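Spelled out, the chains give:
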Amino acid sequence: MKESPWPMRLEGLLFREVVESDLDVLISFRNDPGVNHFMVRTYVDPDDLRREWLAVPSSPTDYSCVVERDGRVVAMGFLEIVDGAGQPGHPTGTEGVIGYIVDPRAAGQGIGTATARALLRGAFDGLRLRRVTAAANADNLASVGVLERAGMRRERHALKALWHRDLGWLDEVGYALLHDEWAARIGETAHT
Ligand SMILES: CC(C)(COP(=O)(O)OP(=O)(O)OC[C@H]1O[C@@H](n2cnc3c(N)ncnc32)[C@H](O)[C@@H]1OP(=O)(O)O)[C@@H](O)C(=O)NCCC(=O)NCCS
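Since the structure is predicted, the reported quantities are computational estimates derived from the model, not experimental observations.

Definitions and cut-offs
Residues numbered from 1 in each chain as written. Predicted model: local features only at pLDDT ≥ 70, side-chain atom pairs only at ≥ 80, totals over all residues. Heavy atoms only, no water. Axes fitted to C-alpha atoms, helices over the stretch in contact; angles between N-to-C directions. Helix = DSSP H or I, 4+ residues; strand = E, 2+ residues; numbered from the N terminus. Parallel < 35°, antiparallel > 145°, perpendicular 65-115°, else oblique. Left-handed = near helix turned anticlockwise from the far one by under 90°. Contact = heavy atoms within 4.5 Å. Nonpolar A, V, L, I, M, F, W, Y, C, P; charged D, E, K, R; others polar. Buried < 20%, exposed > 50% of the residue type's maximum accessible area, 1.4 Å probe, protein only. Salt bridge = Lys/Arg side-chain N within 4 Å of Asp/Glu carboxyl O. Arc of directions from axis to C-beta. Pairing = 2+ DSSP bridges.

1. Brief notes about the packing of helix α1 (residues 23–30) against helix α3 (residues 46–55)
So, step 1. Between α1 and α3, the least distance of the axes is 10 Å, while the angle of their chain directions is 130°. With respect to α3, the axis of α1 lies oblique. The hand of the α1/α3 crossing is right-handed. Touching Leu23, Asp24, Leu26, Ile27 and Arg30 of α1 are Pro46, Leu49, Arg50, Trp53 and Leu54, all from α3.
So, step 2. Looking at the contact of α1 with α3, its residues break down into 7 nonpolar, no polar and 3 charged.

This is the structure we're talking about:
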């Protein structure tokens, strides 16, 4: 198993692995109506959430994390390794998908953007992935802004590609970043 990229400190936030005492806070905002409006998984059973998050630290492919500010959990970050569709000989451990949910009580303070940046850093510098993708409902302008501020490149606008229980078929935008693009950017930053 690869080494976890967490814990990591970035922009005043601590990104770390989940512990059992975090679960009540995660449950308190995961099913907020404002969150579910933008998630295609429009409800998560609290028992499923507990089970899924407690399985993360021992998963070989799931590197999701919780985000702490001043000792309080304010967001969750998703980072999962996905290795193609099972093609024989497909290299393993090269591609990841990221996502995030910020507690609505802490929204609009840069936490979403910082979380996307931390997930990219964890994926590229920590896990040495080759490519990272993210997707959002095209109407989710806050999330689109997060992905663009984090430096991801839009590569797809898929029409009526996502099913949402309340909203029907939605357009989806897809973003990506390659390790080489990430490394080039770090090089640029080092020279400014
Ligand atoms: C989308 C989501 C992650 C954004 O999180 P956030 O922490 O509010 O994001 P940010 O604060 O980084 O950016 C949001 C806005 O705050 C602004 N902002 C950034 N830093 C800021 C700061 N320090 N202080 C105040 N505002 C700030 C940004 O400019 C941005 O403004 P915009 O809406 O005009 O683009 C959050 O709304 C969320 O969890 N939504 C529900 C779940 C979801 O949609 N997840 C993504 C699925 S693809």
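On we go.
2. Some points on unusual backbone geometry
So, step 1. Here Trp6 and Pro7 are connected by a cis peptide whose omega angle stands at 5°.
So, step 2. Mapped onto the elements, Pro7 comes out in the segment before β1 (8–10).
So, step 3. Unusually for a residue other than glycine, Glu11 sits at a positive phi of about 50°.
So, step 4. We classify Glu11 as partly exposed; its relative accessible area is 46%.
So, step 5. The backbone of Asp70 sits at a positive phi, close to 50°, despite the residue not being glycine.

3. Description of the pattern of salt bridges
So, step 1. Under the defined criterion, the tally for this structure stands at 15 salt bridges.
So, step 2. The salt bridge involving Glu52 is made with Arg41; its shortest N-O contact spans 2.7 Å. With Glu52 in helix α3 and Arg41 in the loop between α2 (33–36) and α3, this pair connects stretches of sequence that are 11 residues apart.
So, step 3. Among the salt bridges present, the one from Arg153 reaches Glu181, with a minimum N-O distance of 2.7 Å. Here Arg153, found in strand β7 (residues 153–164), pairs with Glu181, found in helix α6 (residues 179–190); they are 28 residues apart in sequence, far enough to count as distant.
So, step 4. Judged by relative accessible area, Glu181 falls into the partly exposed class, the value being 28%.

4. Details of α1
Because the α-helix completes a turn every 3.6 residues, residues three or four places apart line up on one side.
So, step 1. The complete set of buried residues in α1 reads Leu23, Leu26, Phe29 and Arg30. In an axial view of α1, the angular spread of the buried residues amounts to 140°, which keeps them on one side of the axis.
So, step 2. Buried residues belonging to α1 abut α2, α3, β3 (65–69), β4 (72–81) and β5 (95–102).

5. Focus: the sheet that holds strand β8 (residues 168–178)
So, step 1. Pairing within the open sheet is mixed, and its 8 strands lie in the order β1-β2-β3-β4-β5-β6-β8-β7. Strand pairing shows two members of the sheet lacking a second neighbour, β1 and β7, which therefore form its edges. In this sheet, neighbouring strand axes are inclined to one another by 25° on average, regardless of whether the strands run parallel or antiparallel.
So, step 2. The pairing of strand β2 (residues 13–16) with β3 spans 3 bridges and is classified as antiparallel. Bridging from a neighbouring strand, Phe15 pairs with Val67 of β3.
So, step 3. Most of the contacts of α1 go to β4, to which it runs at about 85°, and overall it touches β3, β4 and β5.

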